[in-house]
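Breakdown of the fold
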Amino acid sequence: MKTTPEHNARIAKMTFASVYPHYVAKVESKGRTKEELHQIIEWLTGFDSKKLQELIDEKVTFETFFERANLNPNASLITGVICGYRIEEIENPLTRQARYLDKLVDELAKGRKMEKILRQ
């Protein structure tokens, strides 16, 4: 399934702060912790908990969030289907990065071991 320009624009304009509480709720409802969530976000983006809170307070868009991120060189190892899209086939870099994050959160919520999630 190909992403549309409208879909890509919607992701770019969404604020990280609007999605973050859903990430927390998803992982905590499955018995994982906010600290584990922060660990996978830091692995992907380089943002520690303090920087993450600053970005949330600033209400940055996903576009700004990923522009400021120092993406992990192993991020391209994140593959599979999320939200109906095969990650490795998403052409728009920002949409692909947002789906990387969605996939990591999903794997955490499903109980996958941290070393597998962090592609070690």
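In the annotation of an unreviewed UniProt entry, the protein is listed under the name DUF2200 domain-containing protein and assigned to Sphingobacterium phlebotomi.

**Focus on helix 3 (residues 34-45)**
Relative to the 16 Å expected for 12 residues at 1.5 Å per residue, helix 3 spans 16 Å between its end C-alpha atoms, a close match to the ideal helical length. Buried residues belonging to helix 3 abut helix 2 (16-29), helix 4 (49-58), helix 5 (62-68), helix 6 (93-109) and helix 7 (114-117). Just beyond helix 3, the residue with positive phi is Gly-46, at close to 85 degrees.

**Describing the nonpolar core**
Phe-16, Leu-37, Ile-40, Leu-44, Phe-65, Phe-66 and Leu-101 are the most contacted members of the largest nonpolar core, which totals 38 residues. Those elements that provide at least two residues to this core are helix 1 (5-13), helix 2, helix 3, helix 4, helix 5, helix 6 and helix 7. Among the elements that line this core, the one with the most residues is helix 6, at eight residues. Once you skip the residues sitting within four places of it in the chain, Leu-101 turns out to touch Phe-16, Tyr-23, Ile-41, Leu-44, Phe-62, Phe-65 and Phe-66.

Cut-offs applied
- Each residue is numbered by its place in its chain's sequence as written, counting from 1.
- Selection of residues for local features in this predicted model requires a pLDDT of at least 70, selection of side-chain atom pairs for listing and counting requires 80 or more, and totals for whole chains, interfaces and linings are taken over all residues.
- Hydrogen atoms and water are omitted, and side-chain values are computed over all heavy atoms in the structure.
- Labels follow the DSSP assignment, with helices taken as runs of H or I lasting at least four residues and strands as runs of E lasting at least two, numbered in each case from the N terminus.
- How far a helix is expected to stretch is found by multiplying one less than its residue total by 1.5 Å.
- In this analysis, two residues are considered to be in contact whenever any of their non-hydrogen atoms come within 4.5 Å of each other.
- Within this scheme, the nonpolar core is defined by two criteria: the residues are buried Ala, Val, Leu, Ile, Met, Phe, Trp, Tyr or Cys, and they are joined through side-chain atoms within 4.5 Å.
- Relative accessibility under 20% of the residue-type maximum defines a buried residue, over 50% an exposed one, and the middle range a partly exposed one, all with a 1.4 Å probe and only protein chains included.

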